[in-house]
Amino acid sequence: MPVDHYENFPVASLLLPPHLRKPVEILYRFARSADDLADEGDQAPEARLAALAAYGAELDLIEAGKTPQTPLFQALAPIIAVHALPLALFRDLLSAFAQDVTVKCYSTYSDLLDYCRRSANPVGRLLLHLFGRATPANLADSDKICTALQLINFWQDVAVDWEKGRIYLPQEDMERYAVTPEHLAKGLTDQAFIQLMDFEVSRARELMEAGAALCRRLPGRFGWEIRFTVHGGLRILSKIRRVQGDVFHHRPTLALPDWLLIALAALLGWRPYRP
């Protein structure tokens, strides 16, 4: 499992109640396809932004009670209506995807958190609304988990994002630890970079653990799904730390032994992989 590209959506998972698998799949198709509009292919930025604006126009039709023009949104409209899903969450996602087209680096951690608020947190909130569990406490903890997952994706993919012309490591953190773009360009993992990555890993872990109480409050299959997701993210962080932040030569992914540990951790609430 790379923790990336909306693969944290529990699409068609056997852990999901059967009646919700199709709605979750359609939500995933929305997020995945909108993300691809911003990221995939070789279209000019103007074309990408226009395509995302067209998605926004489809949401406007749904809000006005009119029939959307595309099959994706025709499938999405009744799910939004039946489950009272807030349209603002879909618009937040589109806003983040549009930002991906125009913003290539972040000055502060606060700036990065604002991006995560729109790029990651809506996913968890939509699922909670879908499952009828959107209490204030659940939403707050979900935000922590989703933001942590997004940060883990960034630290896992420092090298990948550099190749795309993006730096998600906050500039203020890079300056504090004397890390420069040259580190990213050359894959330098000196003491400065090791310390920076250790700091970012610790911050993401603290955020994930702060939201983990959500796992205990969610019942049945949904709770198990979130446990697996949380422990998967924590396992990736452990792997980043074990290679001392050298994600240039050792991009962490999950293999069968990792999944066995994750399953055990989800079952027992035990973290055998915590450094």
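Residues numbered from 1 in each chain as written. Predicted model: local features only at pLDDT ≥ 70, side-chain atom pairs only at ≥ 80, totals over all residues. Heavy atoms only, no water.

**Re the pattern of salt bridges**
Then comes step 1: In total, this model carries 17 salt bridges according to the counting rule given.
Then comes step 2: Measuring nitrogen to oxygen at the nearest pair gives 3.0 Å for the salt bridge that ties R118 to D114. Placement of both R118 and D114 in helix α5 (residues 109-119) is noted, with a separation of 4 residues, approximately one turn of the helix.
Then comes step 3: Residues joined by salt bridges that share partners form a network here, namely D173, R176, E200 and R203. (Salt bridge = Lys/Arg side-chain N within 4 Å of Asp/Glu carboxyl O. Helix = DSSP H or I, 4+ residues; strand = E, 2+ residues; numbered from the N terminus.)

**Considerations on the confidence of the model for the protein**
Then comes step 1: When pLDDT is averaged along the protein, the result is 90; 92% of the residues meet or exceed 70.
Then comes step 2: Note on residues 1-6: pLDDT under 50 across the span, and 32 contacts to partners over four residues away in sequence or across chains. (pLDDT = per-residue confidence, 0-100. Contact = heavy atoms within 4.5 Å.)

**Here's the deal with the packing of helix α1 (residues 18-39) against helix α3 (residues 71-83)**
Between two packed helices, the angle of one axis relative to the other and the distance separating the axes together describe the packing.
Then comes step 1: Axis separation between α1 and α3 bottoms out at 10 Å; the angle between their running directions is 125 degrees. Taken together, the axis directions place α1 and α3 in an arrangement best described as oblique. The two elements α1 and α3 cross, and the hand of that crossing is left-handed. Packed against α1, whose contacting residues are L20, P23, I26, L27, R29, F30 and S33, the element α3 presents L72, F73, A75, L76, I79 and H83 at the interface.
Then comes step 2: Looking at side-chain class alone, the contact of α1 with α3 contains 10 nonpolar, 2 polar and 1 charged residues. (Axes fitted to C-alpha atoms, helices over the stretch in contact; angles between N-to-C directions. Parallel < 35°, antiparallel > 145°, perpendicular 65-115°, else oblique. Left-handed = near helix turned anticlockwise from the far one by under 90°. Nonpolar A, V, L, I, M, F, W, Y, C, P; charged D, E, K, R; others polar.)

**Some remarks on the environment of P17**
Then comes step 1: The residue P17 is located in the segment before α1 in this model.
Then comes step 2: Overall, P17 belongs to the buried group, its relative accessible area being 18%. (Buried < 20%, exposed > 50% of the residue type's maximum accessible area, 1.4 Å probe, protein only.)

**Quick look at the packing of α1 against helix α4 (residues 87-102)**
Then comes step 1: Contact geometry of α1 with α4 gives a least axis separation of 8 Å together with a crossing angle of 20 degrees. Comparing their axes, α4 and α1 come out roughly parallel. In the packing of α1 onto α4, the handedness of the crossing is right-handed. Seen from α1, the contacting residues are L27, F30, A31, A34, D35 and A38; seen from α4, they are F90, L93, L94, F97, D100 and V101.
Then comes step 2: Each residue belonging to the contact of α1 with α4 can be placed in one class, and the counts come to 10 nonpolar, no polar and 2 charged.

**Here's the deal with the nonpolar core**
Then comes step 1: Ranked by size, the top nonpolar core spans 77 residues in total, and within it F30, F90, W155 and L169 carry the most contacts.
Then comes step 2: Not counting residues within four places of it along the chain, the set of residues in contact with W155 comprises L112, Y168, L169, P170, M197, E200, V201, A204, I240 and V247. (Core = buried A, V, L, I, M, F, W, Y, C linked by side-chain atoms within 4.5 Å.)

**Let's talk about the side chain of Q150**
Then comes step 1: Topologically, Q150 is positioned in helix α7 (residues 136-156).
Then comes step 2: Excluding residues within four positions of it along the chain, Q150 makes contact with Y115, C116, S119 and A120.

**Digging into the environment of I80**
Then comes step 1: Residue position: I80 is located in helix α3.
Then comes step 2: When the C-alpha positions of I80 and P23 are compared, they lie 9.3 Å apart, and in sequence the two are 57 residues distant.

**What about the side chain of S142?**
Then comes step 1: Looking at where S142 falls in the secondary structure, it is placed in helix α7.
Then comes step 2: Classification of S142 by relative accessible area gives buried; the value is 4%.
Then comes step 3: Residues within four places of S142 in sequence aside, it is in contact with G124, R125, L128 and L214.

**Brief notes about unusual backbone geometry**
Then comes step 1: Positive phi is not limited to glycine here, since A84 has a value of about 50 degrees.
Then comes step 2: Along the polypeptide, A84 turns up in the loop between α3 and α4.
Then comes step 3: Judged by relative accessible area, which is 55%, A84 ranks as exposed.
Then comes step 4: Positioned with a positive phi, Q244 is a non-glycine residue whose angle comes to about 55 degrees.
Then comes step 5: Mapped onto the secondary structure, Q244 falls in the loop between α13 (220-242) and α14 (256-268).

**With respect to a nonpolar patch on the surface**
Then comes step 1: The grouping of W224, L264, L267 and L268 at the surface amounts to a nonpolar patch, some 370 Å² of accessible area in total.
Then comes step 2: If you tally residues by element for the nonpolar patch, the top one is α14, at 3 residues.
Then comes step 3: On the secondary structure map, W224 appears in helix α13. (Patch = residues over 30% accessible without salt bridge, like charges linked within 9 Å, V, L, I, M, F, W, Y side chains within 5 Å. Areas by Shrake-Rupley, 256 points an atom, 1.4 Å probe, with all protein chains shown as cover.)

**Description of the environment of Q244**
Then comes step 1: Judged by relative accessible area, Q244 falls into the partly exposed class, the value being 49%.
Then comes step 2: Residues Q244 and V201, spaced 43 residues apart in sequence, show a C-alpha to C-alpha distance of 10 Å.

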